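# Observations on the model geometry
Residue strings, one per chain:
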Amino acid sequence: MSDVGVRPVRPGELARVGEITVAAYRASGLLHGDSDYEHQLRDAARRAELAELLAAVDGDDVVLGSVTVARYGSWFAQVAVPGELEFRMLAIDPQHRGRGIGELLTQAVCDRAADLGCHRVVMCVDRSNAPALRLYERMGFRRLPERDWAPVPAVQLLALGREVPR
């Protein structure tokens, strides 16, 4: 894992980030036939305009995964309240799963929240995504059931949050 680092996504990497995100969601069975959401996942350029994108890269600077970081009140923030930083669309190239990249990206979001003076990091996860739930719970995220929601009837999102030490 020491050969993997996290940095901001570069403009020339946006297409790869979009492809990885779609591939990761497909591999996890999380697209539910929603072509509009697939378009959002693929459109990393729009995400980069309206939020921050972080990339996990290997020693050769190849993008292995990414995460969208959204400040409260921004277009991509869905459940954040003032003082919180939200992340979405965390995706790892399916060929590179199992290397701790999801944990590395999640920790980078928590570090970013501390840099911004936020007191909590929040996110939502599909309730059927057991591997992601285990990762987030292991990292100290706790359920925020009052913020659970369903963007479409077939998708139930569970909200989670983790306090950020000040």
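I will try to describe carefully the structure that is included in this document. (Residues numbered from 1 in each chain as written. Predicted model: local features only at pLDDT ≥ 70, side-chain atom pairs only at ≥ 80, totals over all residues. Heavy atoms only, no water.)

### Some points on unusual backbone geometry
Despite not being glycine, Asp61 has its phi angle at roughly 65°, a positive value. Tracing the chain through its elements places Asp61 in the loop between strand S2 (52-57) and strand S3 (63-71). In the Ramachandran plot, Met89 falls in the positive-phi region, its phi being about 55° despite a non-glycine side chain. (Helix = DSSP H or I, 4+ residues; strand = E, 2+ residues; numbered from the N terminus.)

### Focus: helix H4 (residues 101-116)
Over its 16 residues, H4 extends 23 Å from the first C-alpha to the last, a length consistent with the 22 Å expected when each residue adds 1.5 Å. Among the residues of H4, Ile101, Gly102, Leu105, Thr106, Ala108, Val109, Cys110 and Ala113 are the ones counted as buried. Of the residues flanking the end of H4, it is Gly117, one or two places downstream, whose phi is positive at about 80°. (Expected span 1.5 Å × (residues − 1). Buried < 20%, exposed > 50% of the residue type's maximum accessible area, 1.4 Å probe, protein only.)

### Quick word on the pattern of salt bridges
Applying the stated criterion across every chain, the model contains 15 salt bridges. The residue Glu84 makes a salt bridge to Arg147 at a minimum N-O spacing of 2.6 Å. Taken together, the residues Glu84 in strand S4 (residues 84-92) and Arg147 in the loop between strand S6 (142-143) and strand S7 (149-152) connect sequence positions 63 residues apart. Across this residue pair, the class does not change: Glu84 and Arg147 are buried. Asp148 is paired through a salt bridge with Arg143; the nearest N and O atoms lie 2.3 Å apart. You can call Arg143 partly exposed: its relative accessible area is 36%. Overlapping salt bridges bring together Arg7, Arg10, Glu13 and Asp61 as one network. (Salt bridge = Lys/Arg side-chain N within 4 Å of Asp/Glu carboxyl O.)

### Focus: the packing of aromatic side chains
Summed over the entire model, instances satisfying the criterion amount to five aromatic pairs. A ring pair is formed by Tyr25 and Tyr37, whose centres lie 5.9 Å apart and whose planes are at 65°; its orientation type is edge-to-face. One end of the pair, Tyr25, is in helix H1 (residues 14-27); the other, Tyr37, is in helix H2 (residues 35-42), with twelve residues separating them in the sequence. Where Phe87 meets Tyr136, the ring centres are 5.7 Å apart and the plane angle is 65°; that geometry is what we call edge-to-face. (Phe/Tyr/Trp six-rings, centres within 6.5 Å; stacked < 30°, edge-to-face > 60°.)

### Describing the state of the cysteines
Scanning the entire structure with this criterion turns up zero disulfides. Of all cysteine sulfurs in the structure, the one in Cys118 sits closest to Cys110, which takes part in no disulfide; the separation is 11 Å. Judged by its relative accessible area of 10%, Cys118 is buried. (Disulfide = S-S within 2.5 Å.)

### Section: the packing of H4 against helix H5 (residues 130-138)
Axis separation between H4 and H5 bottoms out at 11 Å; the angle between their running directions is 50°. The orientation of H4 relative to H5 falls into the category oblique. With respect to the hand of their crossing, H4 and H5 are arranged in right-handed fashion. Of the residues in H5, those in contact with Gly102, Glu103 and Thr106 of H4 are Leu135, Tyr136 and Arg138. A class-by-class count of the residues in the contact of H4 with H5 yields two nonpolar, two polar and two charged. (Axes fitted to C-alpha atoms, helices over the stretch in contact; angles between N-to-C directions. Parallel < 35°, antiparallel > 145°, perpendicular 65-115°, else oblique. Left-handed = near helix turned anticlockwise from the far one by under 90°. Contact = heavy atoms within 4.5 Å. Nonpolar A, V, L, I, M, F, W, Y, C, P; charged D, E, K, R; others polar.)

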